Amino acid sequence: MSRQSDKLAQLERIARLKAERELKRFAAFNLHMKQAQTHAAAMRTALDQSYRSTAPLSVAEARIANAQAGRSARELHQAETELARMQPRFEAARRDAAREFGRAEVLLNLSAQSRAEEKAPRY
């Protein structure tokens, strides 16, 4: 019986290493996703500010303001497109990390349960 609990402990260590790798991968992806969200929010703010300006403008200033608003709108569209493109892979990385972490926890519990059963007196 000791062999089974040892095997479970070895499997748990392997699962824990895989879980750590997946969690690090997810953390890096999460950081990248947060940066993309921050960039999109900054573009929304810039576009909103350009439309909220109520100061009277000359024709030249209006052209510049229009060009800036157009550039902000294009950058916002690109940022939102990038976020939409990244979202499925982000969700897959999150699921993979959760699955590997759950697997390691289950193996840890099974190993502890097996050791407890081995130590229990038999009548």
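Source: prediction; values computed, not measured. Residue positions are given per chain, counted from 1 along the sequence in the order it is written. Per-residue local features of the predicted model are confined to residues with pLDDT of at least 70, and side-chain atom pairs are confined, for both listing and counting, to 80 or more; whole-chain, interface and lining totals are unaffected and use all residues. Neither water nor hydrogens contribute to the side-chain values; these are computed over all heavy atoms in the structure.

A. Up close: the overall build of the protein chain. Along the backbone of the protein chain there are two helices and zero strands. In terms of overall dimensions, the protein chain has a C-alpha envelope of 95 × 20 × 15 Å along the principal axes. Remark: exposure states derive from per-residue accessible area (1.4 Å probe, protein chains only) relative to the maximum for the residue type, with buried under 20%, exposed over 50%, and partly exposed in between. Across the 123 residues of the protein chain, 23% fall into the buried class. Of the contacts made within the protein chain by residues no fewer than 6 positions apart, 95% connect residues no fewer than 24 positions apart. A 1.4 Å probe and the Shrake-Rupley method give the accessible areas. Residues count as covered only by the protein chains that appear here. As displayed, the protein chain offers around 9100 Å² of accessible surface, 57% of which is attributable to carbon and sulfur atoms. Counted as positive: Lys and Arg. Counted as negative: Asp and Glu. His and the chain ends are not counted at all. Charge positions come from single atoms, namely NZ of Lys, CZ of Arg, CG of Asp or CD of Glu. Distance between charge centres in the protein chain, computed from 23 positive and 15 negative side chains, equals 3 Å. The way it works is that DSSP assigns letters per residue, a run of H or I at least four long becomes a helix, a run of E at least two long becomes a strand, and they are numbered from the N terminus. By the convention used here, residues are in contact when the closest approach between their heavy atoms is within 4.5 Å.

B. Representation of helix α2 (residues 59–119) within the structure. Any helix carries an expected span of 1.5 Å times its number of residues minus one. Taking 1.5 Å of rise per residue, 61 residues should cover 90 Å, and α2 covers 87 Å from first to last C-alpha, within 8% of that figure. At Gln87, α2 shows its maximal kink, close to 35 degrees; a proline, Pro88, follows between one and four residues later. Bend at a given residue is defined as the angle between two axes, one fitted to the seven residues that end at that position and one fitted to the seven that begin there.

C. Broad picture of the packing of aromatic side chains. Under the pairing criterion, centres of Phe, Tyr and Trp rings, with the six-membered ring standing for Trp, must be within 6.5 Å; the plane angle then separates stacked pairs below 30 degrees from edge-to-face pairs above 60, leaving the rest tilted. Inspection of the entire model under this criterion finds two aromatic pairs. Seen from their ring centres, Phe26 and Phe90 are 5.3 Å apart, and the 35 degrees between their planes marks the pair as tilted. Here the residue Phe26 occupies a position in helix α1 (residues 2–52), and Phe90 occupies one in helix α2, the gap between them amounting to 64 residues. Residue Phe26 is classed as buried on the basis of its relative accessible area of 18%.

D. Fine view of the nonpolar core. Here, nonpolar core refers to any group of buried Ala, Val, Leu, Ile, Met, Phe, Trp, Tyr and Cys residues whose side-chain atoms link them within 4.5 Å. Within the largest apolar cluster, eleven residues are counted, these being Phe26, Phe29, Met33, Ala36, Ala40, Ala79, Leu83, Met86, Phe90, Ala93 and Ala97. Sort the elements by how many residues they give to this core and α2 lands first, with six residues. Each residue touching Ala93, except ones within four places of it in the same chain, is listed here: Arg25, Phe26 and Phe29. By size, the runner-up hydrophobic cluster in this structure holds five residues, among which are Leu8, Ala15, Ala19 and Leu107.

E. A look at the side chain of Ser114. Secondary-structure assignment places Ser114 in helix α2. If near-sequence neighbours (up to four positions away) are discounted, Ser114 is found in contact with Gln4, Ser5 and Leu8.

F. Examining the pattern of salt bridges more closely. Any carboxyl oxygen of Asp or Glu that lies within 4 Å of a side-chain nitrogen of Lys or Arg is treated as forming a salt bridge with it. A complete count under the given rule lists eleven salt bridges for this structure. Across the pair Asp6 and Arg115 runs a salt bridge whose closest N-O atoms are separated by 3.5 Å. Here Asp6, found in helix α1, pairs with Arg115, found in helix α2; they are 109 residues apart in sequence, far enough to count as distant. For Arg115, a relative accessible area of 33% corresponds to the partly exposed category. The partner of Arg103 in a salt bridge is Glu100, and the shortest N-O contact between them spans 2.9 Å. Linking Arg103 with Glu100, this pair stays in helix α2, spanning three residues, or about one helical turn.

The values reported here are purely geometric and, on their own, carry no functional implication.
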